[in-house]
Each structure stands twice: as structure tokens, then as C-alpha cells.
Amino acid sequence: MEKYDVIIVGAGPAGSTAAYYTTGLKVLIIDKSDFPRHKACGGGLMSSRDWPLELENYAKIKDQLTAYSCESLKLYWKDDYLLNRHFKHFFDQISRYQFDNLLLEEALKKDNVTFLKFDLQKIEKTNYEGIAGYTLTDGQRKIFATNIVGADGMHSQVAKFLGNPPLKRHAFGYCLECDIVCEKKDLNVYVVAGYLNEIGYGWIFPTATGYQVGVGIVRKPKHALQYYLNAFIERALKKKILPENYVIEKTFGGALPLKVTRTYCTDNVLLCGDAMGLVKLLTGEGIYYAMLSGKFAGLALSQNRSNLKKFYRKKVRPLIWDTYLTPYIPPKIITLTFGAIFFRVVKFFDRPLFLRKINIFVDIFMRLTMHRKKFQGQSFYRDEKITIEKY
Ligand SMILES: Cc1cc2nc3c(=O)[nH]c(=O)nc-3n(C[C@H](O)[C@H](O)[C@H](O)COP(=O)(O)OP(=O)(O)OC[C@H]3O[C@@H](n4cnc5c(N)ncnc54)[C@H](O)[C@@H]3O)c2cc1C
């Protein structure tokens, strides 16, 4: 049986970043898919001009990425137009097919890191050649490690092994998205919250080859997701956001967690990214948090073996607060309150009479949904003022 110091389950952004930051240990990354592989995702790297300050592996791949820079947002609540905001830079839209592969390649440049296609089915606590650790099996082969990083996404086997119950219906979002190839005229990002009276939103992101259109709904939707996606595309055509001539290239479904797992670390097992439920509740943003938690998992294993759990908990706690607003309020309450009250308040204050003054509600909303101005000295976004549209 092959023996490793660390087995990282999942080669998404969390797993590849954990591997990149794990030094001095023999590391195996396993994934059930061959790479490159696609992952259902909007591909929006929020405030990514600052990512190189925190994520060395991102700094190394960014120049090879095909990215489309999005700079303005049009936000709707159901059919009502709420606001239009221009940013110095909003996010870079990338393809996860390319992005995840580049990150994995960067991790595999390290001498101590290897990759194996392996569909993890079961984990057992064992003692192998006198060493305490874990045996992982795909039903046929067995591999052994003294430490595990669970970066295996929303339906994590590692999270299950730690005793975490499956997510309840209100604690994850169902999504369907498609890549549309066409000529791009409208360069705004569109977000329609509360679309068709569901808790969730529809989005249109400009991409390098056209647009990505998707819908995400919290709790089980009333209709099949394809129904919402078709209606959303129809709406975009009527409003002339999408051109008449277009081709739908790929359609992908996926889910994203909206709740941090009860147990996300022990003395030898750490969860990161979607496996620990680290996704921003208000926006569905998860790539940044997956990479940062992966980095902390790698650093904890390399530098803080004796204090692994304490170090990791201390490092990821601010990420939990950032994604979740507060870990103590159930997601259901937040989504309902947000939909019913907050949007209306924003809309009320975002009108000409108030625009000449500081629109604090819009500002609060923007601060809640984006992580910017964190690096006071070097931040690309430091001097950015939110420009308020003239009516
Ligand atoms: C439709 C949609 C749109 C989104 N849009 C955005 C966006 O615009 N911006 C943003 O920041 N976030 C977005 N997110 C969230 C983001 O995609 C995730 O938060 C992010 O992918 C988490 O990365 P990860 O590495 O934790 O997990 P993943 O990227 O899910 O990677 C997990 C890996 O584990 C592997 N795996 C799973 N089970 C096993 C197993 N049993 N054995 C071996 N390998 C296994 C999988 O094959 C996969 O490669 C979106 C999510 C969805 C569903």
C-alpha cells in the first residue's frame, strides 16, 4: 500500500492550493475526474486584482488565464430595476476548465506533490506499519496517509467521515448555467435577485466568447431548473441584453453549500472550500474562500503540526464570518430576511433625492458582497470610490 504524509481529496481550487502550500511532506492529490475537467460555476473571481497579494499560486497562473474583465453591475429585484454600479474592476470571468487545470499544474510542479485519479469511496482509521493514520479506498485500491485534507466539494466524503450530517434543504443552492457563444454588445453584469419569486438569483456574466447565463435557487425549486433558465434567457432576449443570434454551447448543473460544517478540523483531518461549506451566502462566491482555506490547510500541515487544529481554526474563523455574516444565524433566516427587507430598503434609498448624499445602504451592500480595501497599502481597489449614477 502506498504511504503518504498527506492525501488531499479533490483537485479543485481548494485542493490544488492546499498542495501548493504544503512543504516538507509527501503529498498525494486525488480526484475522481481526469483533468482538465469542467465544474459548474459562474467563474467570477471577485476583486481578483488583489489575489496575488495573498495567493502565490494565483499570481503564477494569472498571466496564462483567458479572463474577461467585468466592470459594471446592473441589479434587479424581481422585475424592478434597482441600481447600476461602475467599478474600477468588479471581477474577472474565467473558465473553470482552464483555471482549475492551471492551478493543479502549478501544484504538481512541486517535487513533493503527485496526482492520482481515484474516486474515494471510504475512509477508515487504521494503524499501518506501526503508524496511526487513515486508509482510503476507491473500492479496489487502498492508499494510506497520516493526514487528510478534504477538498472534495459539496458532497464531501471526508466531511461525512468526520460525522457531519448531510445538508438540509434550505442549506444549499441548486444551480443551472449555460455558456452562450455570440457577439457581445452589452458589457454589464446582470443580477436578478428573487427571480420568479424564488430565493436566489439569475445572472448574466460577459465572458471571453459571449455570455454565461445561470440561475441559482436556495431550497428545492417549484419547477425544474431548466424551466427557470429558459425563462431567464427569454427575458434577456426580450430586454435585448442577449443578441438574436446566439448558440448555447454547454449547459451544466451544480449545487453549492450555504452552511459551514459542524466539524471542519480534527488533529489530522482538515476540510476546506465547499467541503467545509465556505461559500458566501449573499452571492454564492466560493473560489476565493476555497483557495484561502486551502492555503491555511497547507500552512497548518507544514508549519504547525503540533497545533494543527488550533492554527487552522484561528486562520479560517475570519473567512467563516466573511462568507456567512454570522455563523450563528441559520441561512434560511438570512435569505428570507435579505430577500424580503434588505432589497426594499436599498431600493428606497437609491433614488435621486438621496443620491447626492452618501448612499449608505448601497455602500453597506457592496461591502458585504465584496472583499476589498483589505490591503490598505497595496490594494488595487484602495482608492476606489463607488460612482453613483446620475439620473
Ligand atoms: C453554478 C455555480 C456558480 C458558481 N459561481 C461562482 C462564481 O462566479 N464565483 C465564485 O467565486 N464561486 C462560484 N461558485 C462556487 C464555487 O464554484 C465553489 O465554491 C468552488 O468551486 C469550491 O472549490 P473547491 O475546490 O472547494 O471544490 P470543487 O471545485 O467542487 O472541487 C472539488 C473536487 O473534488 C473532486 N471530488 C469530489 N468527490 C470526490 C471523491 N469522492 N473522490 C475524489 N475526488 C472527488 C471533484 O471531482 C472536484 O474536482 C459557483 C458554484 C456553482 C454551483
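Residues numbered from 1 in each chain as written. Predicted model: local features only at pLDDT ≥ 70, side-chain atom pairs only at ≥ 80, totals over all residues. Heavy atoms only, no water.

### With respect to the sheet that holds strand β4 (residues 68–77)
In step 1: Strands sit in the order β3-β5-β4-β11-β12-β13-β10-β14 across an open sheet of eight strands; the sheet is mixed. In this open sheet, the two edge strands, each paired with only one partner strand, are β3 (44–46) and β14 (247–257). Taken over all neighbouring pairs, the strand axes of this sheet differ in orientation by 25 degrees on average, direction set aside.
In step 2: For β4 and strand β5 (residues 80–93), the ladder comprises nine bridges, and the chain directions are antiparallel. (Pairing = 2+ DSSP bridges. Helix = DSSP H or I, 4+ residues; strand = E, 2+ residues; numbered from the N terminus. Axes fitted to C-alpha atoms, helices over the stretch in contact; angles between N-to-C directions.)

### Considering unusual backbone geometry
In step 1: Omega for the peptide link from F35 to P36 comes to 0 degrees, which places this bond in the cis form.
In step 2: Mapped onto the secondary structure, P36 falls in the loop between β2 (27–31) and β3.
In step 3: A positive phi angle, close to 60 degrees, is found at K240, a residue other than glycine.
In step 4: Looking at where K240 falls in the secondary structure, it is placed in the loop between α5 (225–238) and β14.
In step 5: Of the residues examined, K240 reaches a relative accessible area of 66% and is grouped as exposed. (Buried < 20%, exposed > 50% of the residue type's maximum accessible area, 1.4 Å probe, protein only.)

### Structural notes on the packing of aromatic side chains
By convention here, two paired aromatic rings are described through the distance between centres and the angle between planes.
In step 1: This structure, assessed with the given rule, holds 17 aromatic pairs.
In step 2: Summarising the aromatic geometry, the rings of F380 and Y381 are spaced 5.1 Å apart at their centres and angled 80 degrees between planes, so their arrangement reads as edge-to-face.
In step 3: Relative accessible area serves as the criterion here: at 28%, F380 is assigned to the partly exposed category.
In step 4: Put simply, the rings of F87, F90, F91, Y201, W203 and F205 pair up and form one aromatic cluster.
In step 5: Here the guanidinium or amino end of R235 rests over the ring plane of Y76, the centre of that ring lying 5.0 Å away. (Phe/Tyr/Trp six-rings, centres within 6.5 Å; stacked < 30°, edge-to-face > 60°. Lys NZ or Arg CZ within 6 Å of the ring centre and 35° of its normal.)

### So, the site of the ligand
In step 1: The immediate surroundings of the ligand are formed by 36 residues, with D31, G42, G44, R96 and D274 found nearest.
In step 2: Measuring from an oxygen atom of the ligand, one finds a side-chain N or O atom of K39 at 3.4 Å.
In step 3: Residue R96 places a side-chain N or O atom 2.9 Å away from an oxygen atom belonging to the ligand.
In step 4: Burial of the ligand by the protein chains amounts to 93% of its free accessible area of 1000 Å².
In step 5: Of all the secondary-structure elements, those providing two or more residues to the shell around the ligand are α1 (13–20), β10 (172–181), β12 (200–206), β14 and α6 (287–303).
In step 6: Counting only domains with at least three residues in the shell around the ligand, you end up with domain 1 (2–61 + 96–167 + 259–324) and domain 2 (69–90 + 169–257). (Near = heavy atom within 4 Å. Polar contact = N/O pair within 3.5 Å; in protein donor to acceptor, adjacent residues only side chain to side chain. Areas by Shrake-Rupley, 256 points an atom, 1.4 Å probe, with all protein chains shown as cover. Domains from an automatic or database assignment.)

### Section: the side chain of N164
In step 1: With respect to the helices and strands, N164 occurs in the loop between α4 (157–161) and β10.
In step 2: Side-chain polar atoms of N164 contact the backbone nitrogen of R262, separated by 3.2 Å.
In step 3: A polar contact of 2.8 Å, which involves the side chain of N164, links it to the backbone nitrogen of T263.
In step 4: Leaving out residues up to four positions away in the same chain, N164 has contacts with A159, T261, R262, T263 and L271. (Contact = heavy atoms within 4.5 Å.)

### Some details on the pairing of strand β13 (residues 210–218)
In step 1: Counting buried residues along β13, nine of its nine residues qualify, which places the element largely inside the surrounding structure.
In step 2: Note: β12 against β13, seven bridges, orientation antiparallel. Bridging from a neighbouring strand, G200 pairs with I217 of β13.
In step 3: Connecting the antiparallel pair β12 and β13 is a turn made up of three residues.

### Here's the deal with the pairing of strand β1 (residues 2–9)
In step 1: In this sheet, strand β9 (residues 142–150) lies alongside β1 in parallel orientation, the contact comprising seven bridges. Each residue of the ladder has a partner; that of I8, found in β9, is V149.
In step 2: Note that the unit made of β1, α1 and β2 has a crossover that is right-handed. (Right-handed = clockwise from strand over helix to strand, strands pointing away.)

### Section: the nonpolar core
In step 1: Ranked by size, the top nonpolar core spans 70 residues in total, and within it F99, L136 and Y312 carry the most contacts.
In step 2: With 11 residues, the top contributor of residues to this core is α6.
In step 3: Those residues in contact with F99 that lie beyond four places of it in its chain are P13, L45, W51, Y58, I61, L65, I94, I287 and M291.
In step 4: Core analysis: the next-biggest nonpolar cluster, separate from the first, contains 21 residues, Y211, V215, I241 and L242 among them. (Core = buried A, V, L, I, M, F, W, Y, C linked by side-chain atoms within 4.5 Å.)

### Notes on the packing of α6 against helix α7 (residues 308–324)
In step 1: Orientation of α6 relative to α7, taken along the N-to-C sense of each, is 170 degrees, at an axis distance of 9 Å. One way to sum up the angle between α6 and α7 is to call them roughly antiparallel. Seen from α6, the contacting residues are Y289, L292, S293, F296, A297, L299, A300 and L301; seen from α7, they are L308, F311, Y312, K315, V316, L319, D322 and T323.
In step 2: Broken down by class, the residue content of the contact of α6 with α7 amounts to 12 nonpolar, two polar and two charged. (Parallel < 35°, antiparallel > 145°, perpendicular 65-115°, else oblique. Nonpolar A, V, L, I, M, F, W, Y, C, P; charged D, E, K, R; others polar.)

### Concerning the pattern of salt bridges
In step 1: Tallied over the full model, the rule gives 12 salt bridges.
In step 2: D100 serves as the salt-bridge partner of R96, at 2.8 Å between the closest nitrogen and oxygen. Taken together, the residues span about one helical turn, with R96 and D100 both in helix α3 (residues 96–108) at a distance of four residues.
In step 3: R96 sits in the buried class, given a relative accessible area of 6%.
In step 4: Residues participating in the shared-partner salt-bridge network are R37, R96 and D100. (Salt bridge = Lys/Arg side-chain N within 4 Å of Asp/Glu carboxyl O.)

In short, the description is geometric, and any link to function would need to be established separately.
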